[in-house]
Amino acid sequence: MTSQNSGTAAAEDTVDAPVGLLRLATAGSVDDGKSTLVGRLLHDSKSVLSDQLEAVERVSRDRGMEEADLALLTDGLRAEREQGITIDVAYRYFATAKRRFILADTPGHVQYTRNMVTGASTAELAVVLVDARNGVVEQTRRHAAVAALLRVPHVVLAVNKMDLVDYDEAVFASVANEFTAFARELGVPDVATIPVSALRGDNVVDPSAHMDWYGGPTLLEFLETVGTGGQEEQGPARFPVQFVLRPQSDDEFRDYRGYAGQVASGVFRTGDPVVVLPSGSRSTIEGIDRLGATVDRAQAGESVTIRLSTDVDVSRGDLIAPAEDAPVATQDIEATVCHVADKPLRPGDRVLLKHTTRTVKAIVKEIPYRVDIQTLEQQPSPGELHPNDIAHVVLRTAQPLALDPYAGGRRTGSFLLIDEADGSTLTAGMAGPAFVDSGRRGDADPAAERCL
């Protein structure tokens, strides 16, 4: 069982983590209390402006409530407030003395699972809520699977509404056991579990006076101390070119040629030998410019301009990578996808594939199988994909793409499939196998390892 001890250990291991930014997403089934939890987190951490709180209190009084409905702090759409559910992804920015946070409160209804993909795609941590009375349900499993699929580094299980089960430790332990067992099947390496009551504030920001059997951190304490960053910085260096700078009209910069963009992963340094993909042209980094100054290095997340020592053909959509550690450009891609559009996806469909700053035409050659979220088994030859389906697809692109396996680089291993006709997003894709350990679900994806 991974219970309060795992949370304590994780917090102790990372207590000296540097102050920085944590991107997190909340998920869970309908009425598990996600919006209330987020509202409580904002309220008790003193991250709510007085006028916002007054507005929430006023609306709550108008509805006959004795206390402020903290869920209203995140449910901003009129339909959300009327129905009492989250529909869109609500982003909230807040900070404590120890860390800054960008929080994505994602929908719980199965109809809006695709919105969780949006919210969790850049998250470093996912908080999955479970109603202590209901335990792990199908949508809980679906959200855990999406978090595993997107390789979210940290997962926290918040067993909510403990006040409604008399703060019973046995109920908490049962839910924690079931969820962590399923998470292990998905390949999630570690799950921290925390018993909370979002409505009453137990173990959200302040320790609970009703659960002396729990000795781990509160949710906020865990969020403030869990390790962040490092994954993108330590990965292979990748630089998708967004814009070519060639200001020929200015005498001072007449010979200037630079390639602007954001470092997707890793670190680039002046003097590094690099290759430009998909052409394969080689050069050396002559200089790196950032905010009007020349610097020696650029790391993941920084927007810079890279200058090369030779005049090679580079344009928007190209990828600059280390000469000795570059992905292989290919037109044949095997990937795991989450279908997000109402329009079905079928073999033979012609689509646009957007990868970093590059968009190319592609065709869906095959859909070998769909993943059953309940059992994690492969359902062969589904024929077509419907909203929220997770499946394996085979694609052929009109031009070579330099993709990394998603497990090794979330930015350069992901892509979108777009409808050629209207430009709408059809599918979110991740190059390579679906989950970290696919042994239980039959044979691993052998082609996924060679597709890049």
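For clarity, every value in this text was computed on a predicted model and none was experimentally measured.

Here is what the cut-offs are and how they apply
Residues numbered from 1 in each chain as written. Predicted model: local features only at pLDDT ≥ 70, side-chain atom pairs only at ≥ 80, totals over all residues. Heavy atoms only, no water. Helix = DSSP H or I, 4+ residues; strand = E, 2+ residues; numbered from the N terminus. Expected span 1.5 Å × (residues − 1). Buried < 20%, exposed > 50% of the residue type's maximum accessible area, 1.4 Å probe, protein only. Polar contact = N/O pair within 3.5 Å; in protein donor to acceptor, adjacent residues only side chain to side chain. Pairing = 2+ DSSP bridges. Axes fitted to C-alpha atoms, helices over the stretch in contact; angles between N-to-C directions. Contact = heavy atoms within 4.5 Å. pLDDT = per-residue confidence, 0-100.

A.B. asks: Explain helix α7 (residues 169-186) to me, and be specific about the residues and the numbers.
C.D. replies: In this model, α7 (18 residues) spans 26 Å end to end at C-alpha, consistent with the 26 Å of a helix rising 1.5 Å per residue. Phe172, Ala173, Val175, Ala176, Phe179, Thr180, Phe182, Ala183 and Leu186 are the residues of α7 that are buried. Taking the backbone nitrogen of alanine 170 as reference, a side-chain oxygen 2.9 Å away marks aspartate 168 as the first, capping residue of α7. Glycine 187 occupies a position one or two residues after α7 and carries a positive phi of about 90°.

A.B. asks: Summarise the sheet that holds strand β3 (residues 100-105); cite the residues concerned and give the values.
C.D. replies: Here 6 strands make up an open sheet; going across it, the order is β2-β3-β1-β4-β5-β6 and the pairing mixed. On the outer flanks of this sheet lie β2 (90-95) and β6 (191-195), each paired with one strand and no other. In this sheet, neighbouring strand axes are inclined to one another by 25° on average, regardless of whether the strands run parallel or antiparallel. Of the pairings in the sheet, the one linking strand β4 (residues 125-131) to strand β5 (residues 154-160) comprises 7 bridges and is parallel in character. Its bridge partner being in β5, leucine 129 is matched across the sheet by alanine 158. Against the sheet, helix α2 (residues 34-44) makes contact with β1 (21-28), β2, β3 and β4, and its axis sits at roughly 160° relative to β3, the strand it touches most. Sitting on the sheet, α7 touches β4, β5 and β6, and the angle it makes with β6 is about 160°.

A.B. asks: Give me the pairing of strand β23 (residues 425-431): which residues, what numbers.
C.D. replies: The buried count for β23 comes to 6 of 7 residues, which makes it a mostly enclosed element. In terms of strand pairing, strand β22 (residues 414-419) meets β23 through 5 bridges, oriented antiparallel. When the sheet's bridge partners are listed, isoleucine 418 is paired in β23 with threonine 425. Taking the residues between adjacent antiparallel strands as the criterion, β22 and β23 are bridged by 5 residues, where glycine 423 takes a positive phi near 80°.

A.B. asks: Can you tell me about the side chain of threonine 180, naming the residues and giving the values?
C.D. replies: Assignment of secondary structure puts threonine 180 in helix α7. Side-chain polar atoms of threonine 180 contact the backbone oxygen of alanine 176, separated by 2.7 Å. At a separation of 3.2 Å, a polar atom in the side chain of threonine 180 contacts the main-chain carbonyl oxygen of asparagine 177.

A.B. asks: If you had to explain the confidence of the model for the protein chain to someone new, which residues and values would you point to?
C.D. replies: Summary statistics for the protein chain give a mean pLDDT of 83 and a share of 80% for residues scoring 70 or more. With pLDDT under 50 throughout, residues 76-87 is counted as low confidence; its partners more than four residues away or in other chains account for 27 contacts. The low-confidence segment residues 438-452, where pLDDT is below 50, has 30 contacts with residues more than four positions distant or belonging to other chains.

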